[in-house]
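A closer look at the structure
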Amino acid sequence: MGDKGDKGFNPEAKFDFGLGKGGDIIDLQKNPFIMQALMKQIQESKLDISHFHPNIRRRIYALKNLHKNTTALEKQYKEEVRALDRKYHALYEPIFAKRAQFVNGDVEPSEEEAKYEEAEKEVENKEGEEELEDGKGIPAFWLTVLQNNRAVSETITPADEDALTHIVDIKSTPLDGAVQGFTLSFHFSENPYFSNNVLTKTYYLTDDEISGDLVFDRVEASKIDWKPAKNLTVKIVTKKQKSKGGRGRKPQIRTKTVEQPIKSFFRFFSPPTWNEEDELEDEEQEELDALLEFDFNLGCIFKDKLIRQAALWFTGEAIDEDDYGDYDEGEYEGGDDEGGLMGDEDDEEEEEEEEDPRPKSKKGASKQQGGAKPSNANTQQPECKQQ
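From a predicted model like this one, the values you see are computed outputs, not experimental measurements.

Summed over all chains, the structure comprises 22 aromatic pairs. With centroids separated by 5.3 Å and ring planes inclined at 85 degrees, the aromatic side chains of phenylalanine 186 and phenylalanine 269 adopt a geometry described as edge-to-face. On the criterion of sequence distance, the pair formed by phenylalanine 186 in strand E2 (residues 180-188) and phenylalanine 269 in the loop between strand E6 (253-261) and helix H9 (282-306) is long-range, its members being 83 residues apart. Relative accessible area serves as the criterion here: at 0%, phenylalanine 186 is assigned to the buried category. Where phenylalanine 188 meets phenylalanine 266, the ring centres are 6.3 Å apart and the plane angle is 40 degrees; that geometry is what we call tilted. Here phenylalanine 188, found in strand E2, pairs with phenylalanine 266, found in the loop between E6 and H9; they are 78 residues apart in sequence, far enough to count as distant. Assigned by exposure class, phenylalanine 188 and phenylalanine 266 land together as buried. Clustering of aromatic rings is evident, with ring pairs tying together Phe186, Phe188, Phe194, Trp226, Phe265, Phe266, Phe268, Phe269 and Phe302. One residue, lysine 303, lies across the ring of phenylalanine 182, its end atom 5.2 Å from the ring centre.

The next thing to look at is the confidence of the model for the protein chain. Overall, the predicted model of the protein chain reaches an average pLDDT of 76, with 65% of residues at or above 70. Below a pLDDT of 50 lies the segment residues 324-372, which in the model reaches 137 contacts outside its immediate sequence neighbourhood of four places, other chains included. Predicted confidence is poor over residues 376-383, with pLDDT under 50, and the contacts of this stretch with residues over four places away or in other chains come to 28 contacts.

The next subject is the pattern of salt bridges. Applying the stated criterion across every chain yields a total of six salt bridges. A salt bridge links aspartate 295 to lysine 201; the nearest nitrogen and oxygen atoms lie 2.3 Å apart. Residue aspartate 295 is found in helix H9, and its partner lysine 201 is found in strand E3 (residues 198-207); the two are separated by 94 residues along the sequence. Assigned by exposure class, aspartate 295 and lysine 201 land together as buried.

The next thing to look at is the environment of aspartate 169. Turning to its location among the elements, aspartate 169 is positioned in strand E1 (residues 167-174). Counting along the chain gives 16 residues from aspartate 169 to serine 185, while the straight-line C-alpha distance between them is 8.2 Å. Ignoring anything within four residues of it in the chain, the contact list for aspartate 169 reads Ala100, Trp142, Ser185, Phe186 and His187.

What counts, and where the lines are drawn
Residues numbered from 1 in each chain as written. Predicted model: local features only at pLDDT ≥ 70, side-chain atom pairs only at ≥ 80, totals over all residues. Heavy atoms only, no water. Phe/Tyr/Trp six-rings, centres within 6.5 Å; stacked < 30°, edge-to-face > 60°. Helix = DSSP H or I, 4+ residues; strand = E, 2+ residues; numbered from the N terminus. Buried < 20%, exposed > 50% of the residue type's maximum accessible area, 1.4 Å probe, protein only. Lys NZ or Arg CZ within 6 Å of the ring centre and 35° of its normal. pLDDT = per-residue confidence, 0-100. Contact = heavy atoms within 4.5 Å. Salt bridge = Lys/Arg side-chain N within 4 Å of Asp/Glu carboxyl O.

The structure is reproduced here in structure tokens:
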């Protein structure tokens with residue numbers, strides 16, 4: 001895990017967490033995890049009105065009643081927005097379905113569908129360059145989309161690339177009924193890495209009791225059914241353990257083979273988790289919150305940007321704003337203590353990496369289905385639109 005010692009909340013500091021530029025107060029307001037700290041500070045400094053004159057208290061109570069009316073209207077507004085989002089989600093569906101047909105080569109676009117006013121100009125600018133051979137659909141479409149977004153591309157390793165060429169579609173679906181949130185579904189063709197045809201990740205949101213804003217609650221993800229020796233999220237390591245011996249006994253050396261977590265895009269389906277019965281230290285809690293923030297930011301990037309604007313991300317025309325948030329790349333890779341990889345206290349260990357059984361890429365350990373929550377479920381995420 002990266003060093004988070006300098007990331008505690010300082011109310012006098014300016015922050016820039018990738019949601020804006022310049023570290024000004026706008027960035028501070030947009031960042032959900034800093035807003036969480038601010039809300040806590042506000043609650044702790046709640047005004048005591050008991051010493052106010054009774055008439056002043058009456059007026060304050062009247063203001064609170066007016067606030068309740070405002071809250072009721074806000075609730076109605078949000079319900080109507082959610083209904084509107086669902087309406088337009090249904091309108092997007094046939095467009096995205098046709099996009100998937102073109103991408104995967106199931107259907108060829110008609111002359112009218114392929115008529116593009118800038119086409120001749122684009123071809124003229126590329127005269128003299130070698131032309132790629134024709135094939136089925138659009139090769140490596142979704143891999144290219146993912147690689148052209150800076151935040152997502154940072155999670156992709158060369159070993160992931162071949163597996164990601166098997167993505168045939170990525171979808172975002174709003175949750176049904178009163179449950180708020182969305183599910184991302186990654187659809188794959190048959191591939192040598194895992195047997196799942198679809199991998200899903202669901203983000204649950206809830207209304208904050210104080211602000212009334214929609215906030216992050218928890219996340220759940222599919223379990224990947226890896227084929228033998230094809231797990232892209234681990235490497236095989238041989239550990240030598242040397243016991244200390246004692247009372248005339250010579251130290252004994254034994255070896256064991258373990259799977260050690262490594263950086264991979266597919267760790268996206270292993271959201272950060274912890275035992276709720278355990279009390280986390282401040283630094284551990286900050287690390288967990290940073291991981292959850294980055295994870296949720298990625299989910300929003302898929303939902304609000306990559307899925308809706310996939311064609312422009314493929315061509316590189318989409319604007320790549322800073323989508324990182326407060327993120328240390330090392331955290332996403334997994335620490336040494338994940339998966340019970342620490343040896344016994346009395347043993348000294350040496351590691352020897354075996355040859356990685358994973359195939360080389362082409363050019364061009366945590367609980368799943370259980371979910372994770374931040375230190376405070378009231379974690380505002382204004383940048384991810386509810387749909």
